[in-house]
Amino acid sequence: MAKAEALYTWIRDHFAYNGVTSYTSANAGRKAYNDASGNVADINLSLVAAWRAAGLEAYPVLVSTRGHGIPHPVYPNYEDFNYVVGAVMLDDKVYFSDASNTGSLPFGILPVRCLNGNGWMAREEGGTWVNLKEKVRGAISLTSEFAIVDDNLVVKHQSKYDGYDALFERSQLVGDGEEQYQEKVMSYFADEVTEVQVKDEASSVKWSASCTSELDDPDLIYLKPVQAEVFLKNQFKREERQSPIDFAYQLSRRVIAYVTVPEGYEVVEMPKPAVIGLPDNGGRFVYSIQQNGNKITVSSSFFLSQLDFGSIDYPYLKQYFQMAVDKNNEMIVLKKI
């Protein structure tokens, strides 16, 4: 594992990608390495060659990128593909990598454009289909703490991004800079954000934010415990859809909110728990709420494990998202006694 990762990092950082996609190369290997630049095939076939030279079992994998179409599952031809990545076998497990993404992707992770169903692993004795989206996921979690202080609503948020969601956030953080990224975080909340901190760690991106707002009516307080990082709007708006729906990776969204009921207040309205599922365990949304004394705990968990849906499945998928959206927008109402 250490050898495969070290060689990938070396090749990735050595080459300058010229922006050209291809699955064949006349320069891969020593010539491309000496030039220190090349197209996708120059770089990734050189990666496969480097792995093999180090005694590792490695193969090129033909890919059709997202938007280029799906290769025919029975009679694929070269025109179905427009990209090639490297695969290395370690302990009976295959790791896919794309070294043309200079300095951005870690070992064993493909860019989202390559997450398009199956790829064709080319071997000397033939080839085989490999699932490029198997167990690929992105996850976002948010913890929020609500308190009433001197007729002000004070909320502290902590968010964490993992998997492909961490890649997106890191790309924005590096590309836009920390100051602009902080402004993006601030835009999530209607309340005044007094402090934002950002951490870019090895496998995740984290931020924390503190928000303060004056209560409109201290006698009757409306709190929305789920405020960010989950589905608050339904991305599916059309009544019907003719084309299939293809998600690049599995989705995990979770919010945990802690609400402290101040002294002199009572809870007059609270959301009810809910469990919603897609057919064949394609997705699951769980909303739970509990009160223990003056503490209320809310948990909203959204999972989407099925990645490909036909147009006939669209009504169920749209309804699944809408029911989660409706639940996440419900309020807790506190009344002064």
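Residues numbered from 1 in each chain as written. Predicted model: local features only at pLDDT ≥ 70, side-chain atom pairs only at ≥ 80, totals over all residues. Heavy atoms only, no water.

Engineer: Explanation requested: the environment of Met 270 in the structure shown.
Structural biologist: Relative to the elements of secondary structure, Met 270 occurs in the loop between strand S15 (265-269) and strand S16 (274-277). Owing to a relative accessible area of 30%, Met 270 belongs among the partly exposed residues under this scheme. Once residues lying within four places of it in the same chain are set aside, the contact partners of Met 270 are Ile 289, Gln 291, Ile 296, Met 331 and Ile 332. (Helix = DSSP H or I, 4+ residues; strand = E, 2+ residues; numbered from the N terminus. Buried < 20%, exposed > 50% of the residue type's maximum accessible area, 1.4 Å probe, protein only. Contact = heavy atoms within 4.5 Å.)

Engineer: Can you walk me through the pairing of strand S7 (residues 126-131) in this structure?
Structural biologist: Every other side chain in a regular strand lies on the same face of the sheet, so the side chains alternate between the two faces. Two elements, strand S6 (residues 118-123) and S7, share six bridges in a ladder whose sense is antiparallel. By the bridge assignment, Met 121 is partnered in S7 with Thr 128. Between the antiparallel neighbours S6 and S7 lie two residues. (Pairing = 2+ DSSP bridges.)

Engineer: I tried to follow the sheet that holds S6 on my own but got confused; where do I start?
Structural biologist: In a beta sheet, neighbouring strands pair by backbone hydrogen bonds and run either parallel or antiparallel. Taken in spatial order, the five strands line up as S5-S4-S3-S6-S7 in an open sheet, and their pairing is antiparallel. Where the open sheet ends on each side, the last strands, each with one partner, are strand S5 (93-97) and S7. Neighbour-to-neighbour, the strand axes of this sheet turn through a mean angle of 35 degrees, independent of strand direction. Strand direction decides the pairing type here: strand S4 (residues 83-90) and S5, joined by five bridges, are antiparallel. By the bridge assignment, Met 89 is partnered in S5 with Val 94. Contacts between helix H3 (residues 40-53) and the sheet are confined to strand S3 (57-63), S4 and S5, with S4 contributing the most and set at about 15 degrees to the helix. (Axes fitted to C-alpha atoms, helices over the stretch in contact; angles between N-to-C directions.)

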